[in-house]
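# Architecture and fold: a report
Residues per chain are reported as follows:
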Amino acid sequence: MSTTASPSFVNDPRTVYLLDGSGYVFRAYHAMAPLRAPDGTPTGATYGFCNMLLRLLKTFHPQYLAIAFDTKHPTFRHQLYSQYKANRTEAPEELIAQLQWIYQLVDAWGICRLVQPGWEADDLLGTATRIAQSRSHPVCLVSSDKDLMQLVGDGVWMLRDMQGQQASALRFVDKQAVVDKMGVPPSQIADLLALAGDASDNIPGVSGIGPKTAATLLQQYGDLENVLQHAAQLPQKARRERLLTDADNARLSRKLVDIDCHMQGEHLSLDDWVYTKPNTQQLFPLFTKLGFHRLLQHPLLQTPQGDLRPASPRQTRPNEHLQQDPAAQLPVNVMCITCEQELKQLLPQLQQAASIALYAPTDPENSLHDAPVGLALSWQQGQAVYIPLKHRHLTASSTTQLSPHMVVQQIANVLRTQGVSLVAADAKQHLHTLKQMGFTNVTFAHDPLLAAYLLDAHDDMQPRLQQLCQQQLNAQIDTRKQLCGSGKQEQAFAQLDMQQAAHYSGQQAQATWLLLQHLQTKLQQHNLQGLYNQLEMPLQHVLQRMESIGVLLDTMQLQQLGQQFASKLQHHQQQAWDMAGHPFNLASPQQVSHVLFDKLGLQKGKTGKTGPSTDASVLQQLAKTHPLPKLLLQYRHLAKLKSTYTDALPQLINPHTGRLHTRFNLFVTATGRLSSSDPNLQNIPVRTPEGMRIRRAFVADAGDLLIGLDYSQIELRILAHLSQDPVLMSSFEKEEDVHQRTASEIFGVAMQAVDSKQRSIAKTINFGLMYGMGAFRLSRELQISLTEAKQTIERYYERYKGVARWQQEVIEQAKQTKEVRTLWGRLRQLPHIASANRVLASRFERFAINTPVQGTQADIIKQAMLNADMALRAFPRARMLLQVHDELVLQAPQAQAQQVCDAIQTAMTQAAKLRVPLVVNTAIGRCWADLSK
């Protein structure tokens, strides 16, 4: 029905683009996955809407742009017909919750927002179309609503979707395209809808008359009124009777579907629709709050890079500059030091500084094992220096650069001077970089990324310096991607023009220094300085040493295991083909769906964007009725282990050290737990034979042994401490099996009579209810009815009244303070816990319950690591290698292994003083698998 040929308006700068905002919000909601912001706010529709908008801006570069939205208020159509749109269900709460963000984003984007209570978006678009045409401006209506086809005509087109990336690939609708699709020209669309009705809007129309019949009648008689006047002459009896009977409905329907193009209201002026550029100072904080980090880097939203020339004295006053122009880049005067004499002249200034911020770029970025390309230092407002070290292209003004050895000799003592606080964004990474340069025993006192994380932690927040500058300083700084590009076009930092590299690096150091001044005050205000200074900052140095040491892999074992996995995968594949009766791709969701639901006729579960889902939860249900879904689950599990571990781990071994070096991430989880990446060693399954065989490839060095120390049921012990529940505390004081005790309590049987199934159920309940699991989730986890799940929860809380009371108190207090804390004072903000949206509020209530437990567990294991690091000073050859959930893995000489094990066990049990004992299980062996027995 539409054409892909680019109409003339595409290249006309006078074209007015009018967007059906409400229509695209609903499309985005149903098309996108249920995304959430770091604070739990639903964001799927918002993210989809932003992407659609960016595609439109990238494709057409509009100079005139407006977006129309419906309101919840009744319109004149409801006065004409009380049942207008009465069959529509209420918009989902998760969609309604996003409208405020979409409106704010449109406003921050600098796009005119058309909203008028009592009128629909279609009327606003119709009126805007008329106004634009009266000024001889072409119009492009961006909408998939067929009602708007009545506006198409000379100089007016519709764009029915924004899925393509090029104008030549998009679906445009002109007059002929309307005729091809609907059977009538745009001038007859309202008549067609009046005859055929519209179920989506509850337009009655004429019963029994569909779009094709309506089009045939209009082709014969011209318009609705003429059709009705000739109704008695129609030869078809049923059609004749229906038209005569429902004539009034047809005339009413005509009024309901007709778009009013003569509204009066705000922003209905061509001048209001002029579009220039977004206000990134408003837009970027919204993106950051919603977790749209990728959009922050979108090329259309980047400002030109700042002037790279040295700033004048007038420009070196950042606060004044920022007050005058809040959108400006962070100003800094950067001096490039290229000779020893200049470096020596710098030393007195550094020695007198209270704090020095460092930035050391590497190639590749954030490398653990490469020396820096240069070193930037900033110690006062508006000033920074850059010391090039490994640049490949020198300039006419900078024909030399200093050797890293000489720089270390000159400034090492300054960086270790008592009273001088060193600052770096991602201090752990800079410890690696400085070590590769030759610095030893450097200690960082501050890290603005860590401070920002503690002030507002949420899942996968990954704070970045650029975002913090926008949020905290109202200033912009360049990103490495802007300078070096990305992907195949990425340029090495060492190849940059030196002045450009100097400005960028100096700006990074200056931003780091300024953020320190800003965030220190906030840490004090939120009572987080103890956590920051005594736990989190010292831990960065421990983690850096662990990352540097790495772990040893037996690659031969992994290779053999990978071959065995490959053989098993082939066997599973052949079995699956035999069950299906033909070959198919087991890794293709579409082909799996076809086999399971079309060929085998199994019952479909939930539906995704591409059809019936075949995810793990669906396959687990189907496995009860057919062997193929179970086989598919086994195949996926094995394929993931092979690709993620047996194939990938040997490729990640560092060629210089011969060891595997994971990263421990401090800023990823809302509860303070560490995560592991590059590779992730926390997800290796421990309860499957295949997972244990992978762990067997992690081995100790010759002459050494591995030591495993694991907290026993630490989260339940923390719950006992927090709730002071007498039954739970009694279990731990008596060293009972807590899950067996829970089974005894809720099933009303003696401890010795509890069977394995009852204990398994009790274990699920203990951990599930600790994190706010509801009856629906429990029924799914245990495969029991919802009624039985509710009764089980009731029995649990009857016996564990202290837990029930504590959970309720925590939620009530959190509703008042909008936050919750751990025993160490770690903060998690809960802005939506008192929301009228029960879905959102319930989510934050679960956060309120699980954060004090999970967060305190994170604090305890971190304190245990600091204690262990201190204890290891008595054993110079012993090393801490890994932290995985509640477990620490160390390596020690065989002769000292038991001594080290005892010392670290003591260090871990002393990490916290709870009302119940902290118990640490230990094991010693040649490989990691030996520690899990």
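Data block above holds the structure.
To start, this report covers the structure provided alongside it. In this text the structure is predicted, and so the values were computed from the model without any measurement.

### Some remarks on the pattern of salt bridges
Counting across every chain of the model gives 32 salt bridges. Of the charged contacts, one joins Asp 363 and Arg 480 as a salt bridge, the two residues approaching to 2.7 Å between their closest N and O atoms. Here Asp 363 is found in the loop between β8 (355-359) and β9 (374-380), whereas its partner Arg 480 is found in helix α20 (residues 480-484), with 117 residues between them in sequence. A relative accessible area of 5% means that Arg 480 is categorised as buried. Through salt bridges that share partners, Arg 77, Lys 85, Glu 120 and Asp 123 make up one connected network.

### Focus on the packing of helix α34 (residues 801-817) against helix α35 (residues 838-871)
Where α34 contacts α35, the two axes come as close as 9 Å, and the packing angle between them is 115°. Judged on the interaxial angle alone, α35 and α34 are roughly perpendicular. Crossing angle aside, the handedness with which α34 passes α35 is right-handed. Here Trp 806, Gln 807, Val 810, Ile 811, Ala 814 and Lys 815 of α34 come into contact with α35, specifically with Glu 845, Ala 848, Ile 849, Pro 852 and Val 853. When the residues that make up the contact of α34 with α35 are grouped by side-chain class, the tally is 8 nonpolar, 1 polar and 2 charged.

### Digging into helix α12 (residues 280-290)
Across the 11 residues of α12, 8 count as buried, placing the element largely inside the fold. Inspection of α12 places Thr 280, Gln 281, Leu 283, Phe 284, Leu 286, Phe 287, Thr 288 and Leu 290 among the buried residues, and these make up the whole buried set. Buried-residue contacts for α12 involve α2 (44-60), α4 (93-108), α13 (293-296) and α19 (465-473). Two or three places before Gln 281, at the start of α12, stands the capping residue Asn 279, its side-chain oxygen 3.1 Å from that residue's backbone nitrogen. One or two steps after α12, the chain reaches Gly 291, where phi turns positive at roughly 85°.

### So, the packing of aromatic side chains
Applying the stated criterion to the full structure yields 20 aromatic pairs. Note on Phe 9 and Trp 157: the rings are 4.9 Å apart at their centroids and 40° apart in plane angle, and the pair reads as tilted. Here Phe 9, found in the segment before β1 (16-20), pairs with Trp 157, found in strand β5 (residues 156-159); they are 148 residues apart in sequence, far enough to count as distant. The class for Trp 157 is buried, based on a relative accessible area of 15%. Taken together, a centroid distance of 4.9 Å and an interplanar angle of 65° make the contact between Tyr 47 and Phe 292 edge-to-face. On the criterion of sequence distance, the pair formed by Tyr 47 in helix α2 and Phe 292 in the loop between α12 and α13 is long-range, its members being 245 residues apart. On the basis of relative accessible area, Tyr 47 is assigned to the buried category, the value being 17%.

### Digging into empty space enclosed by the protein
Considering all chains together, one arrives at 5 cavities of 30 Å³ or more under this definition. In this structure, the largest cavity occupies an estimated 70 Å³ of space. Along its surface, the largest cavity is lined by Arg 77, Tyr 84, Glu 120, Asp 122, Asp 147, Asp 201, Ile 203, Leu 256, Val 257 and Ile 259. Across the lining of the largest cavity, the residue classes tally to 5 nonpolar, no polar and 5 charged. Taken as a whole, the second largest cavity spans an internal volume of roughly 40 Å³. Every residue lining the second largest cavity is listed: Val 551, Leu 552, Phe 698, Val 699, Leu 706, Leu 881, Leu 882, Val 889 and Trp 928. Secondary structure elements with two or more residues in the lining of the second largest cavity: β17 (698-699) and β21 (879-884).

### A short note on the pairing of strand β7 (residues 333-336)
Burial along β7 is one-sided: the face carrying Val 334 and Cys 336 is buried and the face carrying Asn 333 and Met 335 is not. Bridge analysis of β7 against strand β10 (residues 383-388) gives 4 bridges, and the strand direction is parallel. The partner of Val 334 across the bridge, within β10, is Ala 384.

### Focus on the nonpolar core
By size, the foremost hydrophobic cluster in this structure holds 180 residues, and its most contacted members are Ile 356, Phe 444, Phe 698 and Tyr 711. Counting residues per element, this core draws most heavily on α35, which supplies 12 residues. Not counting the four nearest positions on each side in its chain, Ile 356 is found in contact with Leu 350, Leu 377, Ser 378, Trp 379, Val 414, Val 420, Ser 421, Leu 422 and Val 423. The next biggest cluster of nonpolar side chains, apart from the first, holds 59 residues, and it includes Val 16, Leu 195, Ile 259 and Trp 273.

### Topic: helix α36 (residues 897-909)
For α36, with 13 residues, the first-to-last C-alpha span of 18 Å sits near the 18 Å given by 1.5 Å per residue. Looking only at α36, the buried set comprises Ala 897, Val 900, Cys 901, Ile 904, Ala 907 and Met 908. Around the axis of α36, the buried residues are gathered within 130° of arc, so they sit on the same side. On its buried face, α36 sits against β18 (704-711), α35, β22 (887-893) and β23 (920-925).

### Section: the pairing of β8
Consecutive side chains along a regular strand alternate between the two faces of the sheet. Burial analysis of β8 places 5 of its 5 residues in the buried class, the great majority of the element. Of the two faces of β8, the one holding Ser 355, Ala 357 and Tyr 359 and the one holding Ile 356 and Leu 358 are both buried throughout. Pairing between β8 and strand β11 (residues 421-423): 3 bridges, direction parallel. In the strand pairing of β11, Ala 357 is matched with Val 423. Strand direction decides the pairing type here: β8 and β9, joined by 3 bridges, are antiparallel. Paired with Tyr 359 across the strands is Ala 376, a residue of β9.

### Some words on the sheet that holds β7
Strand pairing in a sheet relies on backbone hydrogen bonds. The paired strands run either parallel or antiparallel. Strands sit in the order β7-β10-β9-β8-β11 across an open sheet of 5 strands; the sheet is mixed. Taken across any chain shown, the strands that pair with only one partner, and hence form the sheet edges, are β7 and β11. Taking each pair of neighbouring strands and ignoring which way they run, the sheet shows an average axis angle of 25°. Sitting on the sheet, helix α15 (residues 340-352) touches β7, β8, β9 and β10, and the angle it makes with β9 is about 35°.

About the thresholds
- Residues numbered from 1 in each chain as written.
- Predicted model: local features only at pLDDT ≥ 70, side-chain atom pairs only at ≥ 80, totals over all residues.
- Heavy atoms only, no water.
- Salt bridge = Lys/Arg side-chain N within 4 Å of Asp/Glu carboxyl O.
- Helix = DSSP H or I, 4+ residues; strand = E, 2+ residues; numbered from the N terminus.
- Buried < 20%, exposed > 50% of the residue type's maximum accessible area, 1.4 Å probe, protein only.
- Axes fitted to C-alpha atoms, helices over the stretch in contact; angles between N-to-C directions.
- Parallel < 35°, antiparallel > 145°, perpendicular 65-115°, else oblique.
- Left-handed = near helix turned anticlockwise from the far one by under 90°.
- Contact = heavy atoms within 4.5 Å.
- Nonpolar A, V, L, I, M, F, W, Y, C, P; charged D, E, K, R; others polar.
- Polar contact = N/O pair within 3.5 Å; in protein donor to acceptor, adjacent residues only side chain to side chain.
- Phe/Tyr/Trp six-rings, centres within 6.5 Å; stacked < 30°, edge-to-face > 60°.
- 1 Å grid on protein atoms, 1.4 Å probe; cavity = no way out; pocket = protein on both sides within 12 Å on 5 of 7 lines; lining within 4 Å.
- Points joined across faces, edges and corners; volume = space filled by probe spheres on them.
- Pairing = 2+ DSSP bridges.
- Core = buried A, V, L, I, M, F, W, Y, C linked by side-chain atoms within 4.5 Å.
- Expected span 1.5 Å × (residues − 1).
- Arc of directions from axis to C-beta.

Everything listed here is a matter of coordinates, which is why it stays silent on function.
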